[in-house]
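Overview (structure and organization)
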Amino acid sequence: MFPFLIVVLFSLSWKISDSTQPAEEFLHCLSLRFHNSSSISELVYTQHNSSYSSVLKSSTQNFRLSTPSTPTPLVIITPLHASHIQATVHCCKKHGLQLRIRSGGHDFEGLSYTTTYEVPFVVIDLLNLRSVRINVEKGTAWVESGATVGELYYEIAKRSRTLAFPAGIGHTVGVGGHLSGGGFGLLFRKYGLAADNVIDSRLIDVKERILDRKSMGEDLFWAIRGGGGSSFGVVLAWKLNLVAVPAIVTVFTVSKTLEQNATKLVHRWQYIAHKLPKEIHMSIGISRVKSNENEKMTIQASFRAVFLGSIDELLPLMEEKFPQLGIVKEDCFEMGWAESNLYSTQFPIGVPLETLLNGNRKSILSKLFFKAKSDYVKQPIPETTFEGLWPKFYKEEAKSAIMVFVAYGGKMDEILETETPFPHRAGNIFIILYMVD
Ligand SMILES: Cc1cc2nc3c(=O)[nH]c(=O)nc-3n(C[C@H](O)[C@H](O)[C@H](O)COP(=O)(O)OP(=O)(O)OC[C@H]3O[C@@H](n4cnc5c(N)ncnc54)[C@H](O)[C@@H]3O)c2cc1C
């Protein structure tokens, strides 16, 4: 073992021969703390390692934060065990290095892998810690932070078609950042946020202790469910409360242009969608398109819904609550809940369930050069405001701009804003997401 350690240390010191002092000292510290000395060369990437760039970019979702001038970490650690994270926390403290924690790399501003400050930093990338264990009888799951939401949905669906977890629609999102930030998706009107359905977790704090809900205490457990995990520690894994869904759900998408009365329908939607039964998730995607009739630019509003029930149950409901949209049987499709997530990110109907395991696909959102923001709406927006907004989509810099309105209400109105750090609860009628690349 000892000669092997010398070889590893020698090869590492060669790799970092012209690196900065903090990196050398940090790596030396790590080599003393990693129990299995072979793992340091396999799990630690310095800027001189040929795989460094591909590991760094592997889950970077936003190319805006992956340019030649983007600050990069001195070292990336890809731990296999909690002890590797404890060692990293210890050595970062000892050598004054900042730490970034990355699960799925979807942070809109790249907080998990870059920095706006001129400080040397290390990234812990949890890509190797992604196990999912489902207990169907108890309706619970333990999921490691490095798993994606899609991997979680897939493992649940493989074992039960009537269990689900109320997390995001974007299935490439990492569990670590998503659950610690809140996390909303198709079931949030029925069951609340992903963070509302966390019942325990394992976290490594700044003192390198591994804590669970009991040992961390209710204050810290409150904070990591919506307050942004990396402010408090490295969340290793989460225990989840799984929720009930019918074996068949119904989806539809109906698109209307300005010529087809889109403005009035969008305006009307604001009064209806948040009051619909909790079983309906409804959103509108708004973007510019070329009109079929005259090739001229117009605005298209795509009304999408996922309903926890059959077509026969949905149609009378839509006829009663939102007849103006004119939903007919031909607009509707039945499928399993897990598949409805793929449908909602515009995958064609019938793609294999395994698509949920594809974390690096190119979708409408992922792997783009984008800026995204959001707003919470408490009062319906007047029709004239929409009319004033549409021309902004026709500007050159807005050619890829998209706005998504997602209806609030239901369970979100019932959870107190103090129950978790995520405050956007009762009183919001919908959220707007803005994206542009
Ligand atoms: C394509 C796309 C689709 C999306 N879809 C949805 C959606 O449907 N619903 C929704 O609510 N949001 C959605 N989001 C937003 C997404 O939920 C957040 O950006 C989330 O924080 C991403 O988590 P991550 O682990 O992938 O990101 P990361 O970039 O890895 O992490 C995000 C933040 O969490 C911290 N963090 C990550 N892991 C840990 C950990 N284990 N312990 C402590 N802190 C940690 C990071 O340091 C960083 O500050 C989407 C984003 C994108 C880019």
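Structure's up top.
All of the points below concern the structure found in this document.

Conventions and cut-offs
Think of each chain on its own: its residues are numbered from 1, step by step along the sequence as written. In view of the model being predicted, local features appear only for residues whose pLDDT reaches at least 70, and side-chain atom pairs are presented and counted only at 80 or more, with totals across whole chains, interfaces and linings using the full set of residues. Heavy atoms throughout the structure, all of them, feed into the side-chain values; hydrogens and water do not. Secondary structure elements are defined from DSSP: runs of H or I of at least 4 residues count as helices, runs of E of at least 2 residues count as strands, and each element is numbered from the N terminus. Buried means the residue's accessible area, taken with a 1.4 Å probe over protein chains only, is under 20% of the maximum for its type, while exposed means over 50%, and partly exposed covers the values in between. Here, strands pair whenever DSSP counts at least two bridges between them. What counts as a disulfide here is a pair of cysteine sulfur atoms lying within 2.5 Å. Here a residue is considered near a molecule or strand provided that any single heavy atom belonging to it is located within 4 Å of it. Polar contact is defined as a pair of N or O atoms within 3.5 Å, subject to the rule that within protein one atom must be able to donate a hydrogen and the other to accept it, and that residues adjacent in sequence are counted only when both atoms are side-chain atoms. Accessible surface is estimated by sampling points in the Shrake-Rupley manner with a 1.4 Å probe; for residues, cover comes only from the protein chains shown. The classification used treats Ala, Val, Leu, Ile, Met, Phe, Trp, Tyr, Cys and Pro as nonpolar, Asp, Glu, Lys and Arg as charged, and all other residues, Gly among them, as polar. For this analysis, a salt bridge means a side-chain nitrogen from Lys or Arg found within 4 Å of a carboxyl oxygen belonging to Asp or Glu.

Some remarks on unusual backbone geometry
Phi at Glu 208 takes a positive value of approximately 70°, unusual for a residue other than glycine. Structurally, Glu 208 is set in the loop between strand 8 (198–204) and strand 9 (210–211). Although it is not a glycine, Gln 346 adopts a positive phi angle of roughly 70°. When its relative accessible area of 46% is taken as the criterion, Gln 346 is described as partly exposed.

Re the pairing of strand 14 (residues 297–307)
Looking down a regular strand, the side chains alternate between one sheet face and the other. The element strand 14 is largely enclosed, with a buried count of nine among its eleven residues. Both strand 12 (residues 249–257) and strand 14 contribute to a ladder of eight bridges, which runs antiparallel. Bridge pairing links Ser 255 to Ser 302 in strand 14. Where strand 13 (residues 280–290) meets strand 14, eleven bridges bridge the pair, whose relative direction is antiparallel. Across the sheet, Gly 285 pairs through a bridge with Ser 302, a residue of strand 14. Here strand 13 folds back onto strand 14, and the loop between the two strands holds six residues, one of which, Glu 295, carries a positive phi near 65°.

Regarding the state of the cysteines
As enumerated under the stated definition, the model contains one disulfide in all. Linked covalently through their sulfurs, Cys 29 and Cys 91 form a disulfide whose S-S length is 2.1 Å. The disulfide joining Cys 29 to Cys 91 has a torsion of about -80° about its S-S bond and is therefore left-handed. In this pair, Cys 29 is assigned in helix 2 (residues 21–33) and Cys 91 in helix 5 (residues 82–94), connecting sequence segments 62 residues apart. Each member of the pair Cys 29 and Cys 91 is classed as buried. Sulfur of Cys 92: no disulfide; nearest cysteine sulfur belongs to Cys 91 and is 7.4 Å away. Residue class for Cys 92 comes out buried when judged on its relative accessible area of 4%.

Looking at the site of the ligand
Taken together, 30 residues lie near the ligand, and Ile 101, Ser 103, Ser 112, Ile 169 and Phe 184 sit nearest. Contacts to the ligand include Asp 107, whose backbone N or O atom sits 2.9 Å from an oxygen atom. Notes on the ligand: free accessible area 960 Å², of which the protein chains cover 89%. When residues of the shell around the ligand are traced back to their parent elements, those giving at least two are strand 3 (98–102), helix 7 (175–181) and strand 10 (234–241). Considering each element in turn, the shell around the ligand owes the most residues, three residues, to helix 7. Looking at the shell around the ligand residue by residue, the class counts come to eleven nonpolar, 17 polar and two charged.

Thoughts on the pattern of salt bridges
For the coordinates displayed, the defined rule picks out 18 salt bridges. A salt bridge links Arg 33 to Glu 208; the nearest nitrogen and oxygen atoms lie 3.4 Å apart. On the criterion of sequence distance, the pair formed by Arg 33 in helix 2 and Glu 208 in the loop between strand 8 and strand 9 is long-range, its members being 175 residues apart. The class for Arg 33 is partly exposed, based on a relative accessible area of 34%. Measuring nitrogen to oxygen at the nearest pair gives 2.8 Å for the salt bridge that ties Lys 278 to Glu 414. Of this pair, Lys 278 sits in the loop between helix 11 (262–272) and strand 13 while Glu 414 sits in the loop between strand 17 (402–407) and strand 18 (430–436), and the two are 136 residues apart along the sequence.

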